[in-house]
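# Examining the three-dimensional arrangement
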Amino acid sequence: AQSVTQPDIHITVSEGASLELRCNYSYGATPYLFWYVQSPGQGLQLLLKYFSGDTLVQGIKGFEAEFKRSQSSFNLRKPSVHWSDAAEYFCAVGPNDYKLSFGAGTTVTVRA
Amino acid sequence: DTGVSQNPRHKITKRGQNVTFRCDPISEHNRLYWYRQTLGQGPEFLTYFQNEAQLEKSRLLSDRFSAERPKGSFSTLEIQRTEQGDSAMYLCASSSLQRQGSYEQYFGPGTRLTVT
């Protein structure tokens, strides 16, 4: 069975600073990996995904993530955070692209 | 493309009552998914449909839960004899095959259920 750990429950970052959100997964084979963002009152929005190929994946809103098989990680990064990036971020893993297991999420607060 | 819609957005019910939620997927999306999200947790997969066929159900989906997708369009999720533990956000998502051969799930805003 697959599982996801997001070690950081809450992160506070200054506007303009860099952001890195950690995601560790457990899965026997090469997984499908995703990052979603959820703003209050909004549905989850896909930021990026990894299935195969280049391990550095570019997504929307200036986000990127790197798949590291040796560390079972898929960390999300953004070089310069905007106030609108304040939200909850979820990492998800699956054996395919339909049966996803989500982490508990990381809440990002952006201070001025 | 008007996005995935869910109704109602909020539902308060008394324990033991039945409730039904509706999900309207993005038109022409052939896959539809239901998830449950409790406070402080990520979404948990419940079930999914390809067209009108329900292809997989999680063990989380007890006998009190039933989902349908008649004619492969909208879907309903019914919970019978609700319990306080059913209080959660119920999320619906839909997808279709992308050019790169994968399915990207688009989520609705959810229905928040409170069982008193």
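Treat the numbers as computed from the prediction; the structure is a model and nothing was measured.

### Points about the overall build of chain A
Assigned secondary structure in chain A consists of 0 helices and 12 strands. Listing the helices and strands of chain A from first to last along the sequence gives β-β-β-β-β-β-β-β-β-β-β-β. Against the globule reference of 13 Å for 112 residues, chain A gives a C-alpha radius of gyration of 13 Å, in line with a compact fold. Based on the C-alpha atoms only, the size of chain A along its principal axes is roughly 40 × 30 × 20 Å. Looking at the 112 residues of chain A, the share that counts as buried comes to 49%. Here the analysis covers contacts within chain A between residues at least 6 apart in sequence; of these, 54% occur between residues at least 24 apart. For chain A, the accessible surface area stands at approximately 5,200 Å², while carbon and sulfur atoms represent 48% of it. The averaged location of the 9 negative side-chain charges in chain A is 3 Å from the averaged location of its 9 positive side-chain charges.

### Brief notes about the side chain of threonine 111 of chain B
Residues and elements named next belong to chain B. Take threonine 111: it is sitting in strand S11 (residues 111–115). Classification of threonine 111 by relative accessible area gives buried; the value is 0%. A polar side-chain atom of threonine 111 sits 2.5 Å from the main-chain carbonyl oxygen of proline 8. Each residue touching threonine 111, except ones within four places of it in the same chain, is listed here: Gln6, Asn7, Pro8, Arg9, Phe21, Ala88, Met89 and Tyr90.

### As for the layout of surface pockets
Put simply, the largest pocket is a space of about 500 Å³. The wall of the largest pocket is formed by 22 residues, among which Gln2, Leu100 and Ser101 of chain A together with Glu44 and Phe45 of chain B lie closest to the centre. Looking at the lining of the largest pocket, the elements that each hand over two or more residues are strand S1 (3–5) and strand S11 (101–102) of chain A together with strand S5 (44–50) and strand S6 (53–57) of chain B. For the lining of the largest pocket, the residue count by class is 9 nonpolar, 8 polar and 5 charged. Empty space within the second largest pocket amounts to approximately 360 Å³.

Here is what the cut-offs are and how they apply
Residues numbered from 1 in each chain as written. Chains lettered and ligands numbered in written order. Predicted model: local features only at pLDDT ≥ 70, side-chain atom pairs only at ≥ 80, totals over all residues. Heavy atoms only, no water. Helix = DSSP H or I, 4+ residues; strand = E, 2+ residues; numbered from the N terminus. Rg over C-alpha atoms; globule rule 2.2 N^0.38 Å. Buried < 20%, exposed > 50% of the residue type's maximum accessible area, 1.4 Å probe, protein only. Contact = heavy atoms within 4.5 Å. Areas by Shrake-Rupley, 256 points an atom, 1.4 Å probe, with all protein chains shown as cover. Lys, Arg positive; Asp, Glu negative; His and termini not counted. Charge placed at Lys NZ, Arg CZ, Asp CG, Glu CD. Polar contact = N/O pair within 3.5 Å; in protein donor to acceptor, adjacent residues only side chain to side chain. 1 Å grid on protein atoms, 1.4 Å probe; cavity = no way out; pocket = protein on both sides within 12 Å on 5 of 7 lines; lining within 4 Å. Points joined across faces, edges and corners; volume = space filled by probe spheres on them. Nonpolar A, V, L, I, M, F, W, Y, C, P; charged D, E, K, R; others polar.

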